[in-house]
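Residue strings, one per chain:
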Amino acid sequence: MTGHTIEKIGGTSIAATQTVLDNVLIAGRQGPALYGRAFVVSAYAGITDLLLEHKKTGEPGVYAAFIKDANGDNWTRALDRVAAAMVAHNAAIFAEDGDSRRMADAFVAERIDGVHQCLADLHRLRSHGHFRLAEPLAAAREMLAGLGEAHSAHNTALLLRDNGVNARMVDLTGWRDTARPDLDRRIADGMAGIDLSDTLPIITGYAQCQGGMVARYDRGYSEMTFSRIAVLTDAAEAIIHKEFHLSSADPKLVGPGNARKIGRTNYDVADQLANLGMEAIHPRAGRGLRQAGIRLRVKNTFDPADDGTLICGDYISDCPRVEIVTGLRNGTALEFFEQDMVGEKGYDAAILEALTRHRAWIIAKSSNANTITHYLRADGSAVQKAVDELEARFPTAGLATHAISIVAIIGSDLNRPGLLADALAALAGAGVTVMGIQHQIRNVDVQFIVPRSDFDRAVQALHGGLVGMDGMRAMAAIAA
């Protein structure tokens, strides 16, 4: 395999089925031009939420309902909702009496029935109370996650064949497979025998393997599959198709006419975005591409003529400038104060252990002689568990939590004199209270800690005051 691309289609994009066919999968290509590519697909938007739990609200899906369900009614109803949603999507994209529609519905019925049998067996075992089911329950979560990607991949391959494309579904979900290979072996087996010059593989974003993809990467598992396929096949380029451009700020906050496509940046910037939860790509997926020297392109599914934003390992902007303003709206600051900390070791390690144990994502931290503050992306219950643990271990320490937002200016090179002063002036002019600042020597990002009520104003002020200003300076420097 040489000169090919590995491409990923996100859930919102793949749900816009006709648009994806017209703008991405076929996009006017004919004959050999249709090939030399492979596509990794996510589940249709909303399906994984129905299968596991809603990513943002936590509303129970099949898995969450199964965990909490004593009598079996709730999870079976949740599984019925998944089946109905899948069949409804089939009805929306296939002709009612066509062979593809019958095959799509039969595929859903077979997979849903298999999942129901597995969960019913687990439910019966659980009712006896003599079995430790931690590992089977983790496997059930993995199986449910893979169901969504299998559905979208199977449908996409059918649609392409209906349009005269030699497409082939590559099912990495391990359905009814008793083997438990590592990820590389699972991919190698799935791709074996495929000639990219005359076949268009449609690959499930979920890949069943040792350690579990959901357990290791949470909802970022499809990007890990995508990244690893690109690395293993030595792709010329990796491309992600999203429902938006990678822009200088959220157009909903700063206005569609003010947000600018970034165009070029590097993996360092992508890591900063991931740290704040605004992923261009999962950080571990990006690491694999960066280490292999593979460029990543982020394209807008709904703007096919645009080349998107290219992310490389060695890119530095021609002139220091802010490329993106973004942040975390609902963050928490955990403040640990101990008067006797000065000159003593062990406090920081203990805090990190507690936060790690309760799966709190650390965005940044700061410290002085007797205070350590961690800025976190985590739900309230996780933070409270960490606080309870630390209070029990350090009874003389004072712990406090603060509801905060983090707004960051990010760029491949922010090394411009006066940038921080300009940023603070922009925030002050908008009436934003700055509670803290995180500024690293490497000059890739500056984070401003602000009250949650100031998040929108902070993003708007920094974007209006810095992106336009630095953009003009960059263009003037290039012209000179």
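Everything numeric in this text was worked out from a predicted model, so none of it was measured. (Residues numbered from 1 in each chain as written. Predicted model: local features only at pLDDT ≥ 70, side-chain atom pairs only at ≥ 80, totals over all residues. Heavy atoms only, no water.)

Q: Sorry, what's going on with the overall build of the protein here?
A: Along its length, the protein carries 17 helices and 14 strands. For 480 residues, the compact-globule formula gives about 23 Å, and the C-alpha radius of gyration of the protein, at 24 Å, lands near that figure. Dimensions along the principal axes, computed over C-alpha positions, put the protein at roughly 70 × 65 × 35 Å. For the protein, buried positions account for 54% of its 480 residues. Across the protein, contacts joining residues at least 24 apart in sequence account for 74% of those joining residues at least 6 apart. In the structure as shown, the protein presents an accessible area of about 21600 Å², 50% of it carried by carbon and sulfur atoms. Looking at charge distribution, the protein has the averaged site of its 49 positive side-chain charges lying 1 Å from that of its 57 negative ones. (Helix = DSSP H or I, 4+ residues; strand = E, 2+ residues; numbered from the N terminus. Rg over C-alpha atoms; globule rule 2.2 N^0.38 Å. Buried < 20%, exposed > 50% of the residue type's maximum accessible area, 1.4 Å probe, protein only. Contact = heavy atoms within 4.5 Å. Areas by Shrake-Rupley, 256 points an atom, 1.4 Å probe, with all protein chains shown as cover. Lys, Arg positive; Asp, Glu negative; His and termini not counted. Charge placed at Lys NZ, Arg CZ, Asp CG, Glu CD.)

Q: Would you mind going over the sheet that holds strand 1 (residues 5-9) with me for this structure?
A: Each strand in a sheet pairs with another by means of backbone hydrogen bonds, the pair being arranged parallel or else antiparallel. In spatial order, the strands read 3-4-2-1-5-7-8-6; together these eight strands make up an open sheet with mixed pairing. Each edge of the sheet is formed by a strand with only one pairing partner; in this case those strands are strand 3 (167-170) and strand 6 (264-266). Between one strand axis and the next, the sheet turns by 25 degrees as a mean value, whatever way the strands run. With five bridges joining them, strand 1 and strand 2 (residues 37-41) adopt parallel strand pairing. Counterpart to Thr-5 in the pairing with strand 2 is Arg-37. Along the sheet, helix 12 (residues 267-275) contacts strand 6, strand 7 (295-300) and strand 8 (309-312); its crossing angle with strand 6, the most-contacted strand, is approximately 75 degrees. (Pairing = 2+ DSSP bridges. Axes fitted to C-alpha atoms, helices over the stretch in contact; angles between N-to-C directions.)

Q: Before we go on, may I ask you to explain the side chain of Ser-100 in this structure?
A: Assignment of secondary structure puts Ser-100 in helix 6 (residues 99-128). Relative accessible area serves as the criterion here: at 8%, Ser-100 is assigned to the buried category. Other than its neighbours up to four places away in sequence, Ser-100 contacts Phe-94, Leu-158 and Asp-162.

Q: Mind showing me how you'd approach the pattern of salt bridges here?
A: A side chain with one charge can pair with a side chain of the opposite charge if their charged atoms come near. Evaluated as defined, the whole model comprises 22 salt bridges. Close ionic contact of Arg-124 with Asp-121 constitutes a salt bridge, the shortest N to O distance being 2.2 Å. Of this pair, Arg-124 and Asp-121 both sit in helix 6, separated by three residues, roughly a single helical turn. For Asp-121, a relative accessible area of 41% translates into the label partly exposed. Across the salt bridge formed by Glu-353 and Arg-393, the nearest N and O atoms sit 3.6 Å from each other. Separated by 40 residues along the polypeptide, Glu-353 in helix 14 (residues 347-357) and Arg-393 in helix 15 (residues 380-393) bring together distant segments of the chain. Through salt bridges that share partners, Asp-49, Glu-53, Arg-141 and Arg-219 make up one connected network. (Salt bridge = Lys/Arg side-chain N within 4 Å of Asp/Glu carboxyl O.)

Q: Is there a simple way to think about the environment of Met-103 in this case?
A: As for its placement among the helices and strands, Met-103 is situated in helix 6. It is 28 Å that separates the C-alpha atoms of Met-103 and Arg-180, two residues lying 77 residues apart in sequence. Once residues within four sequence positions are removed from consideration, Met-103 is found in contact with His-154 and Leu-158.

Q: Please clarify how a positive patch on the surface should be interpreted in this entry.
A: Taken together, the side chains of Arg-216, Arg-284, Arg-287 and Arg-290 define a basic patch exposed on the protein surface. Among the elements that line the positive patch, the one with the most residues is helix 13 (residues 283-292), at three residues. Relative to the assigned elements, Arg-287 resides in helix 13. Since its relative accessible area comes to 40%, Arg-287 is described here as partly exposed. (Patch = residues over 30% accessible without salt bridge, like charges linked within 9 Å, V, L, I, M, F, W, Y side chains within 5 Å.)

Q: Can you walk me through the layout of surface pockets in this structure?
A: Roughly 700 Å³ of volume is contained in the second largest pocket. At the level of elements, helix 6 and helix 7 (134-162) are the ones that each hand at least two residues to the lining of the second largest pocket. The dominant element in the lining of the second largest pocket, judged by the number of residues it contributes, is helix 7, at ten residues. Its residues assigned to classes, the lining of the second largest pocket shows 14 nonpolar, eight polar and six charged. (1 Å grid on protein atoms, 1.4 Å probe; cavity = no way out; pocket = protein on both sides within 12 Å on 5 of 7 lines; lining within 4 Å. Points joined across faces, edges and corners; volume = space filled by probe spheres on them. Nonpolar A, V, L, I, M, F, W, Y, C, P; charged D, E, K, R; others polar.)

Q: Explain the state of the cysteines to me, please; I cannot follow it from the model alone.
A: Defined simply, a disulfide is a covalent bond joining two cysteines at their sulfur atoms. By the definition in use, this model includes zero disulfides. Sulfur of Cys-118: no disulfide; nearest cysteine sulfur belongs to Cys-209 and is 18 Å away. Cys-118 sits in the partly exposed class, given a relative accessible area of 37%. Cysteine Cys-312 shares no disulfide, and the gap to the nearest cysteine sulfur, in Cys-319, comes to 19 Å. (Disulfide = S-S within 2.5 Å.)

Q: Whenever I open this one, the packing of aromatic side chains confuses me. Can you help?
A: Think of a pair of aromatic rings as described by two things: how far the centres are apart, and how the planes are tilted against each other in angle. For the coordinates displayed, the defined rule picks out five aromatic pairs. Centroid distance Tyr-206 to Tyr-221: 5.6 Å. Interplanar angle 80 degrees. Geometry classified as edge-to-face. Of the two residues, Tyr-206 is situated in the loop between strand 4 (200-204) and helix 9 (213-217) and Tyr-221 in helix 10 (residues 221-232); the sequence distance between them amounts to 15 residues. Just as Tyr-206 is buried, Tyr-221 falls in that class too. Between Phe-336 and Tyr-347, the aromatic rings sit 5.9 Å apart at their centres with planes inclined by 55 degrees, giving tilted as the arrangement. (Phe/Tyr/Trp six-rings, centres within 6.5 Å; stacked < 30°, edge-to-face > 60°.)

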